[in-house]
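Observations on the model geometry
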Amino acid sequence: MLANRYRFYFSRDLPAAFISHLDMTRLFERLFRRLNIKLKFTQGFNPHPKIVFILPMPVGLCSKEEIFEVECEQELENSIIDSFNKVLPEGLKMLKVELATDKIQVSDMYYQCFVEVEEEFCKYFEEFMKKNPAVKKEKEGKVTIKKIFDFLLNYECEREDKTVKISFHINVLNGSYIKPEDILREFLQEYNIECRIVKVERVKVNYKRVI
Amino acid sequence: MVVKDKVFKLLYDVEKPGRYIGNEINMIKKDPKKVDVRFAFCFPDVYEIGMSNLGLKILYHLLNEREDVYCERAFMPWIDMQKRMKKEGIKLFSLETFTELDRFDILGFSLSYEMSYTNVLKMLELCGLPLESQKREKGMPIVIAGGPCTYNPEPLWEFVDVFVIGEGEEVILEIIDLFKRYKFSNMTKKEFLFECASIEGCYVPSLYNVEYNKDGIIKSITPVSENVPKKVRKRIVKDLDTSYFPTKMITPLIEVVHDRITLEIFRGCARGCRFCQAGVIYRPVRFRKAEKILQYAKELVENCGCNEITLVSLSTSDYPDIDKLAREILKFAEEKKVNISLPSLRLDSTSLDLLKEVEKVRKPTLTFAPEAGTQRLRDIINKNIKDEDIYSTVKLAFERGFQNIKLYFMLGLPLEEDKDVLGIYTIAKNIREIYKELGFKKKVRITVSTSFFVPKPHTPFQWEAQDSIENMQRKMKLLKENLKRVKDVEYSWHDFYLSKLEAVLSRGDRRLSRVIKGAVALGCQFDDWGEFFDFSKWEKAFVGENIDWKFYSDRKRDFDEVLPWDIIDTGVTKEFLKKECLLAYEAKTTSSCFERCMGCGVASFRGGICVGK
Ligand code: SF4
């Protein structure tokens, strides 16, 4: 049977940013069903459509542009974007769709984190970064240590009114990268600073196309 | 800053922030300024449980059909969120417009289980409102409550202004009409409550006086004036086909407990198990026409997009031609990759085939609820399942590839002897034996679960004593020791103290309202959640009010005792309940309403299958 892989581009803002990764998949499956679009389902005991997000989206993350790919058992018109935008919940917006003939990989990405915190934040943050810090993560008993500057191309910390904006330019190496939230957490722990996250946003993602 | 912005800032630090964002598919958006009445549907448990409740969805959409009303929703925030809200000075808010609840006109609580009573008070506390009805003046929200627990409303009498008894679809609209007159005139709250009392199905507790005898038993319940009805009769929807059912149903964005479309195929149950409250309060049986169900199913799939549809009722097999209906739904569901599930199906060879065909994606688990271990005890409770039926179905099921069997029983039923407890063991053992005889190699899983009998108001067993904690413990151990000897059997049992508290609260009287308030003050909330339930705190609260909880749970009542819930008329007469109780003592069964009418009294409602009997 005919099956076309389509690549959907969408943006995610509050409040939809608080939907978990799994729930996003379920949400899109439901919306495809509502729009009467036939997806290709997996075989076997518990058939489900293969909706694949190129990057995982942690709970709370806003993003200007995200991508998922899905196989359809029919051809799609561009008007599907409008139909989607009529039924999507607040915060989600479909941007464009294309037939995926190639494969894409993430090369690097830009983040912005907004936090509410006391005056000295940036000063301490600079100090912390000068030490060539690392991020430690424990998962199922396995500890991984990543040196921040192995992945970080650039960063900037600046105060804007009551909030501090920290921008990161992050490199993806062999599919692995470092999360800005983890950098922040490591810093806050070490300096024993309390801060409140207002927004975490993936502003731009650059892709490499491979065939 | 508006509440919404404040709330969003908290969400980075709480568990499951998706609970607090609203914004679901088919959520109703209105301009609050353009309505006369703002109604908050309050569910005293977390979002994932509340959003699985069909009653919530029906009433939410029904109320929002009215242009002059905006119905929004509020759930119990989890502890972490409560703490954050308190710190930031945010009161409990609605999910539609993030409006704090004290600014609403009506707060409508859904009372689905007794263990959520403390959460009701907690939610009022989180709104910053006085708990007691008396202390809430005109201008503050009116607090109403509905749901199965209102069939004994007394334990919450001080806190709730008006209880809605029975099915709320019609009553609620009448209350709103009256409320509008109250809001836009100089009618006092007292006058409003008096007028409420004359709406059929409305119980206004403050308009009744209760007197007690020296032994603590109720002497009398009397209305404060002649215009207040002596008894409050439940309301029912006579015809399900013409009654309201939403097909553009609000659909959560995050996974909830029942994450699927629920479609009610009929109301009520004709079987008459003697411990079952639902079987009494939802009488009479009313079927929804197959064409309607089919039409709703299609619309629901189209509007919600869910991948599963479940046909709900108290006893699915009793729906006429359930096979045909399920297969017809399957025809279009299959094409849309939608699954069907059929809970509460009585199991036999035909229903097994149906299950296999319809529930394709489920792990094949068979669920049986024989409730009691011996035929004698099953006759006592009027549960019409024979040992042979269980064994023959299990055999068929094994042959069809089912490998998980779940068995539900109750311990502590009236007249139970150790023989009956051991009967449960015998059933499990025989089932394992059947599997072995069939010569299967693969592993089988037999799960036995027991809960403890809780005597419920308005049932033939409403007068019965509950087993003491010691007795519960002893029986559980007896069963556990024996079941250990059977291969592949797992045993789980329900918490003793939780069942105890449920028994106390479900048959409580007015004096318990102080105890509940005391328990909340001591920190009780989410009592239904094992990690929070603390019976010692409750015991303290009882001591504080000088009340012995055993009075409510462990005491057998006389047939002529005035019961706290005598004020509520379910349509089923007390004589009928008493007759059924006496039949139980003789281990005599009663036939179902389908075979013949037993004259329970509900026929006076002139609805459903009783018509013409
Ligand atoms: S009146 Fe008769 S048919 Fe109707 S519910 Fe009662 S026993 Fe059943």
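Within an unreviewed UniProt entry, the label attached to chain B reads Radical SAM domain protein, and the organism entered is Caldicellulosiruptor diazotrophicus.

Looking only at helices and strands, one finds 20 helices and 19 strands in chain B. Computed over its C-alpha atoms, the radius of gyration of chain B comes to 24 Å, within 12% of the 25 Å expected for a compact globule of 613 residues. Projecting the C-alpha coordinates of chain B onto the three principal axes gives extents of approximately 75 × 65 × 55 Å. For chain B, the share of sequence-separated contacts (at least 6 apart) that also reach a separation of at least 24 residues comes to 77%. When the 99 basic and 93 acidic side-chain charges of chain B are each reduced to a single mean position, those positions are 2 Å apart.

Another aspect to go through is the overall build of chain A. Tallying secondary structure elements over chain A gives 5 helices and 10 strands in all. Its C-alpha atoms give chain A principal-axis dimensions of roughly 60 × 35 × 30 Å. Sorting the 211 residues of chain A into buried and exposed places 49% on the buried side. Relative to all contacts within chain A whose residues are 6 or more apart in sequence, the contacts with residues 24 or more apart total 76%. Total accessible area computed for chain A in this model is approximately 11000 Å², and 48% of it derives from carbon and sulfur atoms. Between the centroid of the 35 positive side chains of chain A and the centroid of its 34 negative side chains there is a distance of 5 Å.

A separate point is helix 1 (residues 3–10) of chain B. Within helix 1 of chain B the residues assigned to the buried category are Val3, Val7, Phe8, Lys9 and Leu10 of chain B. Contacts made by the buried residues of helix 1 of chain B are with strand 5 (103–116) and strand 10 (196–210) of chain A together with helix 4 (79–88) of chain B.

The omega torsion of the bond from Leu14 of chain A to Pro15 of chain A falls at -5°, within 30 degrees of zero and hence cis. You can see Pro15 of chain A is positioned in the loop between strand 1 (4–12) and helix 1 (21–34). At the junction of Arg283 of chain B and Pro284 of chain B, the peptide bond is cis and its omega measures out at -5° in the coordinates. If you trace the backbone, Pro284 of chain B turns up in the loop between helix 8 (278–281) and strand 12 (286–287). Unusually for a residue other than glycine, Glu371 of chain B sits at a positive phi of about 70°. One can find Glu371 of chain B in strand 15 (residues 365–371). Classification of Glu371 of chain B as buried rests on a relative accessible area of 13%.

Close to the ligand lie 9 residues; Cys593, Cys597, Met598, Cys600 and Cys610 of chain B are nearest. Along the lines of polarity and charge, the residues of the shell around the ligand split into 6 nonpolar, 1 polar and 2 charged.

Here we come to the UniProt feature "coiled-coil region" (unreviewed entry) in chain B. Per the UniProt record, the feature "coiled-coil region" (unreviewed entry) sits at residues 462–489 of chain B. Helix makes up 54% of residues 462–489 of chain B and strand 4%, whereas the separation of the span's terminal C-alpha atoms amounts to 33 Å.

Residues and elements named next belong to chain B. When you line up the elements, Arg66 lands in the loop between helix 3 (54–65) and strand 2 (69–75). Judged by its relative accessible area of 16%, Arg66 falls in the buried class. Only 3.3 Å separates the side chain of Arg66 from the backbone oxygen of Leu173, close enough to count as a polar contact. A polar side-chain atom of Arg66 sits 2.8 Å from a polar atom in the side chain of Asp177.

All names here are of chain B. Residues Leu415, Leu582 and Tyr585 make up a contiguous nonpolar surface patch of about 240 Å² in total accessible area. Tracing the sequence through the fold places Leu582 in helix 20 (residues 574–585). Looking at Leu582, the relative accessible area reads 37%, which means it is partly exposed.

Let us now look at the environment of Leu124 of chain B. Residue and element names in this part refer to chain B. You can see Leu124 is positioned in helix 5 (residues 117–126). C-alpha of Leu124 to C-alpha of Lys180: the two residues are 56 residues apart in sequence and 23 Å apart in space. Ignoring any residue separated from it by four or fewer positions in sequence, one finds Leu124 in contact with Leu107, Phe109, Leu129, Leu131, Arg136 and Val143.

Residue and element names in this part refer to chain B. A sheet is described by the order of its strands in space; here 6 strands give the open sequence 2-1-3-4-5-6, paired in mixed fashion. For this open sheet the edge positions go to strand 2 and strand 6 (202–203), each flanked by a neighbour on one side alone. Looking at chain direction, strand 1 (residues 37–43) and strand 2 are connected through 7 bridges and run parallel. Note on strand 2: the bridge partner recorded for Arg38 is Tyr70. Where helix 3 meets the sheet, it contacts strand 1 and strand 2, and its direction lies at approximately 150° from that of strand 2.

On to the packing of helix 1 of chain A against helix 9 (residues 290–304) of chain B, then. Where helix 1 of chain A contacts helix 9 of chain B, the two axes come as close as 6 Å, and the packing angle between them is 125°. Regarding the angle of helix 1 of chain A to helix 9 of chain B, the classification is oblique. Along the contact surface, helix 1 of chain A presents Arg30, Arg33 and Arg34 of chain A, while helix 9 of chain B presents Val301, Glu302, Asn303 and Cys304 of chain B.

All names here are of chain B. Reading across from one edge, 10-13-14 is the order of the 3 strands in this open sheet, with parallel pairing throughout. On the outer flanks of this sheet lie strand 10 (261–264) and strand 14 (339–341), each paired with one strand and no other. Neighbouring strand axes in the sheet, compared pairwise and without regard to direction, differ in orientation by 25° on average. Of the strand pairs in this sheet, strand 13 (residues 308–312) and strand 14 are connected by 3 bridges, and their pairing is parallel. Of the residues in strand 14, the one forming a bridge with Thr310 is Ser341. The strands touched by helix 10 (residues 322–335) are strand 13 and strand 14; relative to strand 14, the strand with the most contacts, the crossing angle is about 160°.

Counting from both sides, the interface comprises 35 residues of chain B and, opposite them, 29 residues of chain A. Taken together, both faces of the contact between chain B and chain A bury some 2800 Å²; the carbon and sulfur share is 54%. Put simply, chain B and chain A have 7 salt bridges between them. As a salt-bridge pair, Lys4 of chain B and Glu90 of chain A come within 3.6 Å of each other at their nearest N and O atoms. The tally of links between chain B and chain A comes to 14 residue pairs in polar contact (both at pLDDT 80 or more). Counting only elements with at least two residues in the side of chain B that touches chain A, the list comes to helix 1, helix 4 and helix 9 of chain B. In terms of residues, the side of chain B that touches chain A owes the most to one element, helix 9 of chain B, which gives 4 residues.

About the cut-offs
Residues numbered from 1 in each chain as written. Chains lettered and ligands numbered in written order. Predicted model: local features only at pLDDT ≥ 70, side-chain atom pairs only at ≥ 80, totals over all residues. Heavy atoms only, no water. Helix = DSSP H or I, 4+ residues; strand = E, 2+ residues; numbered from the N terminus. Rg over C-alpha atoms; globule rule 2.2 N^0.38 Å. Contact = heavy atoms within 4.5 Å. Lys, Arg positive; Asp, Glu negative; His and termini not counted. Charge placed at Lys NZ, Arg CZ, Asp CG, Glu CD. Buried < 20%, exposed > 50% of the residue type's maximum accessible area, 1.4 Å probe, protein only. Areas by Shrake-Rupley, 256 points an atom, 1.4 Å probe, with all protein chains shown as cover. Near = heavy atom within 4 Å. Nonpolar A, V, L, I, M, F, W, Y, C, P; charged D, E, K, R; others polar. UniProt positions renumbered as here; feature names shortened; annotations may be inferred. Polar contact = N/O pair within 3.5 Å; in protein donor to acceptor, adjacent residues only side chain to side chain. Patch = residues over 30% accessible without salt bridge, like charges linked within 9 Å, V, L, I, M, F, W, Y side chains within 5 Å. Salt bridge = Lys/Arg side-chain N within 4 Å of Asp/Glu carboxyl O. Pairing = 2+ DSSP bridges. Axes fitted to C-alpha atoms, helices over the stretch in contact; angles between N-to-C directions. Parallel < 35°, antiparallel > 145°, perpendicular 65-115°, else oblique. Buried area = accessible area lost by both parts, 1.4 Å probe.

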